[in-house]
Amino acid sequence: MSKLIQASFSLLQKMYDPNRCLFSHKTDMDGATYTSDFSYPQSLRYTINVLAGLQRAQEHHHVRWDVCGELDRFLNLNGQHITNAGDKGLLLYVAAHGRSQHQFRIFTEVRDLVDQPARLRALNLQEVSWMLSGLTEYAAVSQKPEAVTAAEDLFQFMDRCLLNKDTLLPYHDLSLWRRPFTTFGGIVYFLKALAEYAAAFNNKYAEVIFKEGVSKMLEFQGPRGEWPWFYNVFDSKVVDWYPIFSVHQDSMATLFLLPALDLGVAGAAQAIEKSYRWLFGNNQLGQPMMVSSPDFFIYRCIHRRGALERPKRFGRSALLSVIRKSAGFAANRQLEVVKHGRSYHPGWILFAWSPRKDFTEFTDLRMLPGLDAPAQASLQLQ
Amino acid sequence: MRIAILSSLPWLDRHSYKNFFLEELAKKPWFQRSDVVLVYGRTKLSDYIKEARRFGIADGLKKLRSLSGPKGPRPAVSRVKKGKRLTALAAELGIATRSFDRLGTPECLSFLKAFQPDVICNLSGQYVPSRVLAIPRHGVFSGHYSLLPELRGGDTVRWSIFLDRPVFVCHMVLAPEMDMGDIVRMNPVPVVRGDRLEDIYYRCQMTSAKGHLHLLDDLEAGRITRVSQRKEQGSLFYRMGRHLKLKVDEALKENRYSHYVEADSGIV
């Protein structure tokens, strides 16, 4: 097992509340003390995220953990609060992958949404992408024709409505005001869902769109490997670089870059290296975002200082779009590091990196001095 | 043999390959003019507007200009004459024409049922409802411009070039599921260095027309072989956007395609 997996799993344990069966929405590290916030609904989503990661880690024998049992407990305690379509989609992925007793019930809920175009059109890219991931996994596992049909229908909807074929960037959602701008997070889940769909159904069209979409994203990667946050879908331009999230750099980008590497997309390996090196001080502020002292922790992001971050971003993006310019980098004095962490971050690390034996510079954390690997025995939650 | 020929957008219907098909059909020894009918769907103004929007204003105008075949300095295509309007040609040949808003309207269905065609040749590229598919004894034949079952869907000539696959015209007996019908004929389409997309399209159209004529001969002689498709043998491809279209145009411009034939090989 790599140091990265060990350290991430160890960190997750500190973000876990076994009584509520939840992983935190937000965790602060003060010295060696961790303070976590388990508020709904984010902690629900992040717990599902983490379950997906733990499932992968368990599958590759990195951790001993009863994912199915934990999923049962999680659903018993919190299931009635999971109402978001995207959360249900990712939950279906976990349930189907683990052959859980709940998989059919969750499938019917997701499929019912696919059958309602009006509701589908109101969802955002991340939600629809997670639904496709879930349906694809369920179809692949169950081999049920109705599951294949539901996945095909949703894929066609995404291709027809959510993908701008002129730029190969997906829309965040279909509302008029939000349509021009899309986020890196949404794009990641969109590409991930495409890769899974292409592989499960041997669909060459989805594979082409995935590979071309990845090539397109590679054009946006910054000089220090950073992934911009905000894009204009119509102009195919970066309209805001910030926040630059650590989770994008070390795990979410690899959700599409690692499959792309396996499919032979040129430049994917270099992009992965540049992407994770950003965390080790090779970033605009020259600050390490992954630290080993007093304990292993990953800071959330580099963002612009000041209040009203979102409205300002929209204003800036709209202005840049009008004059058809790309965004530049902000001055260092305008930026700061956000030092809390989120549980879904180590969750995605487990998910992305558990199956891999390459990029050992990163997975062995050679760029992170002073990390003592946690003892093997601690790698059991139960 | 009773034949219904499907087409669309009658005011724009001047394609050379359709003219060729009708003229050659009329020369067949078994041809009876009373046994052939030309049936139009998509005849409303909104259909023309939709067609123009599908290609975008600029491309739509370009398409309108090139309806009778590609233009330009290339000798292979400059010889192509502007086709007659198909309805006019049909009248000259004594073939009846009927127009309907849609092929799926009750009027159209009643007409086709009453006509009792043995076969329908789809030259329209439009969606043919399953109620129409069920009418002719031998089914609805349609030409698909790429290798089946590998490449299904739309924009398939571009996809063939993009994926570096040989260009084919495959005729199939249309099935309710898109491009999943039994394959009855496969013909390679030569692509030569310097070809533009419209040159390849033109060759596909002519190959399709000739293929339909061969199929009718085969049907008359009772020698049609149907090869069924399985879904997992191919993928459904959708319309390309500007990003990929540019890549296809570049590939052709830079002669980056593995399946060229020599222009003087006698194949073209």
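Residues numbered from 1 in each chain as written. Chains lettered and ligands numbered in written order. Predicted model: local features only at pLDDT ≥ 70, side-chain atom pairs only at ≥ 80, totals over all residues. Heavy atoms only, no water.

## Describing the overall build of chain B
Across its full length, chain B holds 10 helices and 9 strands. Taken over 268 residues, chain B has a buried fraction of 53%. Relative to all contacts within chain B whose residues are 6 or more apart in sequence, the contacts with residues 24 or more apart total 74%. Within the structure as shown, chain B displays about 13,000 Å² of accessible surface, and the carbon and sulfur contribution to it stands at 52%. (Helix = DSSP H or I, 4+ residues; strand = E, 2+ residues; numbered from the N terminus. Buried < 20%, exposed > 50% of the residue type's maximum accessible area, 1.4 Å probe, protein only. Contact = heavy atoms within 4.5 Å. Areas by Shrake-Rupley, 256 points an atom, 1.4 Å probe, with all protein chains shown as cover.)

## Points about the overall build of chain A
Tallying secondary structure elements over chain A gives 15 helices and 14 strands in all. Radius of gyration (C-alpha) of chain A: 20 Å, near the 21 Å computed for a compact globule of 382 residues. Once the C-alpha set of chain A is aligned to its principal axes, its extents read approximately 55 × 50 × 40 Å. Considering chain A as a whole, with its 382 residues, one finds that 61% of them fall into the buried category. Nonlocal contacts in chain A, meaning residues at least 24 apart in sequence, comprise 71% of its contacts between residues at least 6 apart. Per element, the accessible surface of chain A, about 14,500 Å² overall, is 50% carbon and sulfur. A distance of 5 Å separates the average location of the 42 positive side-chain charges in chain A from that of its 37 negative side-chain charges. (Rg over C-alpha atoms; globule rule 2.2 N^0.38 Å. Lys, Arg positive; Asp, Glu negative; His and termini not counted. Charge placed at Lys NZ, Arg CZ, Asp CG, Glu CD.)

## Remarks on the interface of chain A and chain B
Each side of the interface is counted separately: chain A has 15 residues, and chain B has 14 residues. Where chain A abuts chain B, roughly 1,300 Å² becomes buried across the two surfaces, and 55% of that area is made up of carbon and sulfur atoms. When the buried area of chain A at its contact with chain B is split by residue, A:Lys165, A:Asp166 and A:Tyr205 rank highest and sum to 40% of it. Where chain A meets chain B, there are 3 salt bridges. Applying the counting criterion to the chain A and chain B interface returns 8 residue pairs in polar contact (both at pLDDT 80 or more). The set of elements that each furnish at least two residues to the side of chain A that touches chain B consists of helix H8 (145-162) and helix H10 (204-218) of chain A. In terms of residues, the side of chain A that touches chain B owes the most to one element, H10(A), which gives 6 residues. (Buried area = accessible area lost by both parts, 1.4 Å probe. Salt bridge = Lys/Arg side-chain N within 4 Å of Asp/Glu carboxyl O. Polar contact = N/O pair within 3.5 Å; in protein donor to acceptor, adjacent residues only side chain to side chain.)

## Focus on the pattern of salt bridges
Residues and elements named next belong to chain A. In the structure shown here, the tally under the stated rule is 42 salt bridges over all chains. Salt-bridge contacts for Asp87 lead to Arg45; the nearest nitrogen and oxygen are separated by 2.6 Å. Taken together, the residues Asp87 in helix H4 (residues 85-97) and Arg45 in helix H2 (residues 42-59) connect sequence positions 42 residues apart. On the accessibility criterion, Asp87 (6% relative accessible area) is buried. Salt-bridge contacts for Arg305 lead to Glu336; the nearest nitrogen and oxygen are separated by 3.5 Å. Residue Arg305 is found in the loop between strand S13 (301-304) and helix H13 (309-322), and its partner Glu336 is found in strand S14 (residues 335-338); the two are separated by 31 residues along the sequence.

## Quick notes on the sheet that holds S14(A)
Residues and elements named next belong to chain A. Within the open sheet, the 3 strands sit side by side as S10-S13-S14. Their pairing is antiparallel. Either end of the sheet is taken by a strand with one partner, and the two such strands are strand S10 (244-245) and S14. Examined bridge by bridge, S10 and S13 share 2 bridges and lie antiparallel to one another. In the sheet register, Ile244 faces S13, and the bridge partner there is Ile302. (Pairing = 2+ DSSP bridges.)

## Digging into the sheet that holds strand S1 (residues 3-8) of chain B
Residue and element names in this part refer to chain B. Sheet architecture is open: 7 strands sit in the order S3-S2-S1-S4-S5-S7-S8, paired in mixed fashion. The strands lining the two open edges of the sheet, one partner per strand, are strand S3 (96-99) and strand S8 (182-188). Between one strand and the next, the sheet's axes are offset by a mean angle of 20 degrees, whatever the strand orientation. Inspection of the sheet shows S1 paired to strand S4 (residues 119-122) by 4 bridges, in the parallel sense. Bridge pairing links Ala4 to Ile120 in S4. Packed onto the sheet, helix H1 (residues 16-27) meets S1, strand S2 (36-41) and S4 and runs at close to 165 degrees relative to S1. In the packing of helix H6 (residues 106-115) onto the sheet, the strands contacted are S1, S2, S3 and S4, and the crossing angle to S2 comes to about 165 degrees. (Axes fitted to C-alpha atoms, helices over the stretch in contact; angles between N-to-C directions.)

## A few points about the packing of aromatic side chains
All names here are of chain A. Tallied over the entire structure, the rule returns 37 aromatic pairs over all chains. Ring geometry for Phe104 against Phe107: centres 6.1 Å apart, planes inclined by 45 degrees, an arrangement best described as tilted. Placement of the pair is Phe104 and Phe107 together in helix H5 (residues 103-114), with a separation of 3 residues, close to one helical turn. When its relative accessible area of 40% is taken as the criterion, Phe104 is described as partly exposed. (Phe/Tyr/Trp six-rings, centres within 6.5 Å; stacked < 30°, edge-to-face > 60°.)

## Considering H6(B)
Residues and elements named next belong to chain B. Taken residue by residue, H6 has Cys108, Leu109, Phe111, Leu112 and Phe115 as its buried positions. The buried residues of H6 occupy one face: seen down the axis, they fall within an arc of 160 degrees. Projecting away from the buried face of H6 at angles above 90 degrees are the exposed residues Pro106, Lys113 and Ala114. On the buried face of H6, the contacting elements are S1, S2, S3, S4 and helix H7 (130-133). Directly after H6, the chain includes Gln116, whose backbone phi takes a positive value near 55 degrees. (Arc of directions from axis to C-beta.)

## Focus on the layout of surface pockets
Residues and elements named next belong to chain A. One number sums up the size of the second largest pocket: a volume of about 930 Å³. Gln126, Trp229, Phe245, Arg300 and Arg310 are, among the 34 residues lining the second largest pocket, the residues nearest its centre. Taken together, the residues that form the lining of the second largest pocket break down as 14 nonpolar, 12 polar and 8 charged. (1 Å grid on protein atoms, 1.4 Å probe; cavity = no way out; pocket = protein on both sides within 12 Å on 5 of 7 lines; lining within 4 Å. Points joined across faces, edges and corners; volume = space filled by probe spheres on them. Nonpolar A, V, L, I, M, F, W, Y, C, P; charged D, E, K, R; others polar.)

## Structural notes on the packing of H1(B) against helix H5 (residues 86-93) of chain B
All names here are of chain B. Running from amino to carboxyl end, H1 crosses H5 at an angle of 10 degrees, the nearest separation of the two axes being 10 Å. In this view, H1 runs roughly parallel relative to H5, as classed from their interaxial angle. Residues Lys18, Asn19, Leu22, Glu23 and Ala26 of H1 form the contact with H5, whose own contacting residues are Leu86, Leu89, Ala90 and Leu93. (Parallel < 35°, antiparallel > 145°, perpendicular 65-115°, else oblique.)

## Digging into the packing of H2(A) against helix H3 (residues 67-78) of chain A
Residues and elements named next belong to chain A. Contact geometry for H2 and H3: axes closest at 10 Å, N-to-C directions at 170 degrees. Judged by the angle between their axes, H2 and H3 are roughly antiparallel. In this structure, H2 contributes Leu44, Thr47, Ile48, Leu51, Leu54, Gln55 and Gln58 to the contact, and H3 contributes Val67, Glu70, Leu71, Phe74 and Asn78. Taken together, the residues of the contact of H2 with H3 break down into 7 nonpolar, 4 polar and 1 charged.

## Some details on unusual backbone geometry
The step from A:Tyr242 to A:Pro243 runs through a cis peptide bond, and the omega angle for that step is -5 degrees. The residue A:Pro243 is located in the loop between strand S9 (237-240) and S10 in this model. For the bond from A:Ser293 to A:Pro294, the omega torsion is 0 degrees, close enough to zero to count as cis. Within the secondary structure, A:Pro294 is located in the loop between strand S11 (290-291) and strand S12 (297-298). If you check the backbone angles, A:Gln143 has positive phi at about 60 degrees while not being a glycine. You can see A:Gln143 is positioned in the loop between helix H7 (125-142) and H8. Phi angles above zero are rare outside glycine, and B:Asp155 is one such case at about 55 degrees. Relative to the helices and strands, B:Asp155 is located in the loop between strand S6 (151-153) and helix H8 (156-162). Residue classification places B:Asp155 among the buried residues on the basis of a relative accessible area of 17%.

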